[in-house]
Amino acid sequence: MRLSQQLFVTLRDDPADAEVRSHALMMRAGFMQKLAAGIYVYGPMMWRVLRKVEAIVREEHDKVGAQEMLMPAIQPKELWEESGRWDRYVQDGILFHFRDRKGTEVCLGPTHEEVITTYVKRLVQSYKQLPVTLYQIQTKFRDEIRPRFGLMRGREFIMKDAYSFDTSAEAMAASYTTMRDVYRNIFTRCGLRFTPVEADSGAIGGAGSEEFMVDADTGEDAIAVCRARDYAANVEKASSRISAPDEPESELSMHLEATPNARSCDDLLALFPELPMTRLLKTVLYRAVWDDREQTIAILCRGDRELNEIKIVNHLDCVGLELADEKQVREATGAEPGFAGPIGLADEVHLLADQSVEGVKGFLCGGNQTDMHWLDVWFGRDLEQPETVDFGVVQSGDLMLDSDDVFELTRGIEVGHIFQLGTKYSEAMGATFADENQKIQHMWMGCYGIGVSRVAASAIEQNHDENGMIWPLPIAPYTVHIVQMKAGNEEQDALAAELHDALEAAGIDVLLDDRKKLSPGAKFKDADLVGIPLRVVVGRDAAERMVEYGTRTSEGRDKVSLEEAIEKIKAAIADAGASCS
RNA sequence: CGGGGCGUAGCGCAGUCUGGCAGCGCACCUGCUUUGGGAGCAGGGGGUCGGAGGUUCAAAUCCUCUCGCCCCGACCA
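Residues numbered from 1 in each chain as written. Chains lettered and ligands numbered in written order. Predicted model: local features only at pLDDT ≥ 70, side-chain atom pairs only at ≥ 80, totals over all residues. Heavy atoms only, no water.

### Remarks on the overall build of chain A
Here comes step 1: In terms of regular secondary structure, chain A is built from 14 helices and 31 strands.
Here comes step 2: Dimensions along the principal axes, computed over C-alpha positions, put chain A at roughly 95 × 65 × 50 Å.
Here comes step 3: Taken over 581 residues, chain A has a buried fraction of 53%.
Here comes step 4: The contacts of chain A with a sequence gap of at least 6 include a subset with a gap of at least 24, amounting to 70%.
Here comes step 5: As presented, chain A carries roughly 26100 Å² of accessible surface, and 47% of it is formed by carbon and sulfur atoms.
Here comes step 6: Put simply, chain A has 64 plus and 97 minus side-chain charges, and the middle of one group is 7 Å from the middle of the other. (Helix = DSSP H or I, 4+ residues; strand = E, 2+ residues; numbered from the N terminus. Buried < 20%, exposed > 50% of the residue type's maximum accessible area, 1.4 Å probe, protein only. Contact = heavy atoms within 4.5 Å. Areas by Shrake-Rupley, 256 points an atom, 1.4 Å probe, with all protein chains shown as cover. Lys, Arg positive; Asp, Glu negative; His and termini not counted. Charge placed at Lys NZ, Arg CZ, Asp CG, Glu CD.)

### Overview of the packing of aromatic side chains
Geometrically, a pair of aromatic rings is defined through the distance of the ring centres and the angle of the planes.
Here comes step 1: Evaluated as defined, the whole model comprises nine aromatic pairs.
Here comes step 2: Their ring planes at 40 degrees and their centres at 5.7 Å tell us that Phe187 and Phe212 sit as a pair that is tilted. Of this pair, Phe187 sits in helix H6 (residues 169–189) while Phe212 sits in strand E10 (residues 209–215), and the two are 25 residues apart along the sequence.
Here comes step 3: Taking the relative accessible area as the measure of exposure, Phe187 reaches 0% and is therefore buried. (Phe/Tyr/Trp six-rings, centres within 6.5 Å; stacked < 30°, edge-to-face > 60°.)

### Concerning the pairing of strand E18 (residues 363–369)
Here comes step 1: Within E18, six of the seven residues are buried, which leaves the element mostly enclosed by the surrounding structure.
Here comes step 2: Where E18 and strand E19 (residues 372–377) come together, four bridges link them in antiparallel fashion. Bridge pairing links Gly366 to His373 in E19.
Here comes step 3: Between E18 and E19, which pair antiparallel and follow one another directly, the connecting turn spans two residues, one of which, Asp371, has a positive phi of 65 degrees. (Pairing = 2+ DSSP bridges.)

### Some points on the protein's contact with RNA strand B
Here comes step 1: Lining the immediate environment of RNA strand B, one finds 45 residues, of which Ile145, Arg146, Arg263, Asp528 and Glu548 sit closest.
Here comes step 2: Backbone atoms, meaning sugar and phosphate, form 55% of the atoms of RNA strand B found within 4 Å of the protein.
Here comes step 3: Here a phosphate oxygen of RNA strand B and a backbone polar atom of Ala16 are 3.3 Å apart.
Here comes step 4: Between RNA strand B and Ala37 there is a distance of 3.1 Å, counted from a phosphate oxygen to a backbone nitrogen or oxygen.
Here comes step 5: Among the elements of the structure, strand E1 (32–36), strand E14 (281–289) and helix H13 (520–530) are those that each provide at least two residues to the surface near RNA strand B.
Here comes step 6: Tallying contributions element by element places H13 first for the surface near RNA strand B, with seven residues. (Near = heavy atom within 4 Å. Polar contact = N/O pair within 3.5 Å; in protein donor to acceptor, adjacent residues only side chain to side chain.)

### Focus: the side chain of Ser22
Here comes step 1: By secondary structure assignment, the location of Ser22 is in helix H1 (residues 21–28).
Here comes step 2: Judged by its relative accessible area of 0%, Ser22 falls in the buried class.
Here comes step 3: At 2.6 Å, the side chain of Ser22 and the side chain of Glu461 are in polar contact.
Here comes step 4: When sequence neighbours within four positions are dropped, the list of residues in contact with Ser22 reads Met152, Ala457, Ile460 and Glu461.

### So, the environment of Leu151
Here comes step 1: Note that Leu151 resides in the loop between strand E7 (132–141) and strand E8 (156–166).
Here comes step 2: It is 9.7 Å that separates the C-alpha atoms of Leu151 and Met26, two residues lying 125 residues apart in sequence.
Here comes step 3: Residues contacting Leu151, with those up to four places away along its chain left out, are Met26, Met32, Tyr40, Tyr42, Met46, Ser453, Arg454 and Ala457.

### Some details on the domain arrangement of chain A
Here comes step 1: When cut into domains, chain A gives domain 1 (3–238 + 409–461), domain 2 (255–389) and domain 3 (478–580).
Here comes step 2: A straight line from the C-alpha centre of domain 2 to that of domain 3 covers 66 Å. (Domains from an automatic or database assignment.)

### Some details on the side chain of Thr111
Here comes step 1: Mapped onto the secondary structure, Thr111 falls in the loop between strand E6 (105–108) and helix H5 (113–123).
Here comes step 2: With sequence-adjacent residues up to four places away left out, Thr111 is seen in contact with Gln75, Trp80, Arg85, Tyr89, Lys140, Arg142 and Tyr163.

### Focus on the nonpolar core
Here comes step 1: Ranked by size, the top nonpolar core spans 57 residues in total, and within it Phe31, Tyr183, Phe187 and Trp471 carry the most contacts.
Here comes step 2: Looking at which domains feed residues into this core, each of domain 1 (3–238 + 409–461) and domain 3 (478–580) gives three or more.
Here comes step 3: Contacts of Trp471, omitting those with residues within four sequence positions, involve Phe31, Val49, Ala456, Ala459, Ile460, Ala476, Pro477, Val530, Gly531 and Pro533. (Core = buried A, V, L, I, M, F, W, Y, C linked by side-chain atoms within 4.5 Å.)

### Some words on the sheet that holds strand E5 (residues 97–99)
Here comes step 1: Overall, antiparallel pairing links the three strands, which are arranged E4-E6-E5 in an open sheet. Lying at the two open borders of the sheet, with one neighbouring strand each, are strand E4 (74–76) and E5. Between one strand and the next, the sheet's axes are offset by a mean angle of 35 degrees, whatever the strand orientation.
Here comes step 2: Of the pairings in the sheet, the one linking E5 to E6 comprises three bridges and is antiparallel in character. Bridge pairing in E6 places Phe98 opposite Val106. (Axes fitted to C-alpha atoms, helices over the stretch in contact; angles between N-to-C directions.)

### Looking at the sheet that holds strand E31 (residues 558–561)
Here comes step 1: Taken together, the five strands give an open sheet; going across it, the order is E28-E27-E29-E30-E31, and neighbouring strands pair in mixed fashion. The open sheet terminates on both sides in strands that have one partner only, identified here as strand E28 (510–513) and E31. The average undirected angle you get between the axes of adjacent strands in this sheet is 25 degrees.
Here comes step 2: Seen against the sheet, H13 touches strand E27 (480–484), E28 and strand E29 (534–538) and runs at an angle of roughly 170 degrees to E27.

Shown next, in the form of structure tokens:
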């Protein structure tokens, strides 16, 4: 490909709205263009990258016998009512949905469990047809509450989703294990440094689940990692043992204290500086929503810990959970917001506690009266300890459940997520088969997603410098960038063309910068920005058939003959392939 | 959904407070000179100042409404 024939425009300045490097660099290099919030046009360069990622995804899936197909983006509401997910997705506000000409409610698919389950159940009658794994690569639609970071969190994005169907839990686990290996191979081949983590299965539902996180400080997800045990989990999922609370010096009887305007832990610490955070209990009020009812939930939590709403939603099995508003707080506590406590809540409030409150003695808590808190409260003596559940967020320094090794917190970008769904969807939607004994059973499902466009963005997030992107060779838009110093010079034109044609003939992706009247400096700057891994400079030694060979990151370049350059390029490609397999 | 901010040339921005010729840098076009890390000189083109309404002799600027985009919060009682 000759650059002179491409719509190639680069910008000198970062776009004003780019928050992360991958976004800014791809915009500057013209890889994409924003059409609306979280919605982008992928330019020719970007599309080449995406197709390379897709090709790797396809190869690795096909290798284990998964079969590619394509499902519709538009899905009827009925299907989502069968699985029971319509209300939850609408509640969360992420579903693009509208009425068609006839007035039927439809949505743009954010995922395809309903469609694939319907498809498979109509085809499969017998255990002899299972197992089967199907996948597609397709644009997905999610009306994200806050799209951001360019391709990282878009409202329209490219995703590979795969679904496995098995005859038993054991067989499902085997399919899942196979896919886990497929995922490791894919991300390794894409040149990414990543961490697989145990995860929550969220709105999709199900049991076993693992996320693949690209290591990056700018990642949106926090990960709890235990290096000693080579274990990692999403903080939403991780469970830990936490430090024991401080013991009070003496046992005093419970009493109310005036705490004017002390609505937060910090305010209270200012009033009672001798009280440790571990003996200060927060009472957080939530409004939980189910399909058929709503209830106010109060959750006790130790002052130095934080609550994890995902764990709360999972425990309550509700479709929505949000902090109670001021009116609801007043109804539940009879006080202004800021003074909620476990004693004297309205009858209809359901009181629960995070496990962090266990063993806490002589604590402070809200008084359910404006400007009042209880002090020196003891469970057992002053009130019954509510049911305790792990609702907490793991913090740095927490211990693992089964050892004394500690967690640290890191960040990552979720590029893949695999789930064992079990029979959740097959039961809801009646996907059954006849087993060896003519007995009708539900299929055991797994689902497996990869954010293809997000993989491309995270590759840049992980591989760039102050001058631009540095693509891993297997997913680079082109493999070789020929920088011709002076287009129009006869020797250079001839040599550059010869190299370009020879590489193309060898099946190597090559980009030739043959733009005229552009200074060498400008060409080098553009080459650095675009970040193609291998580089050949055709310049002053062209008459002697000599060129310079280097990489995007090498300090200098070696002066070599054209033939030597081709050999070096082939060797570099073979090397990249070898290190990734 | 709440709070804040911003919409002026393809991109980055100034001008808005205090109403009075619509500007700068990059990019683009023409010519000449340049050519190994974003070349120089000269000339030039490009704007319904997000949109609608209002105030005024006069509106990018003031007022009202509206649309879009960005950031923060959506996590503590």
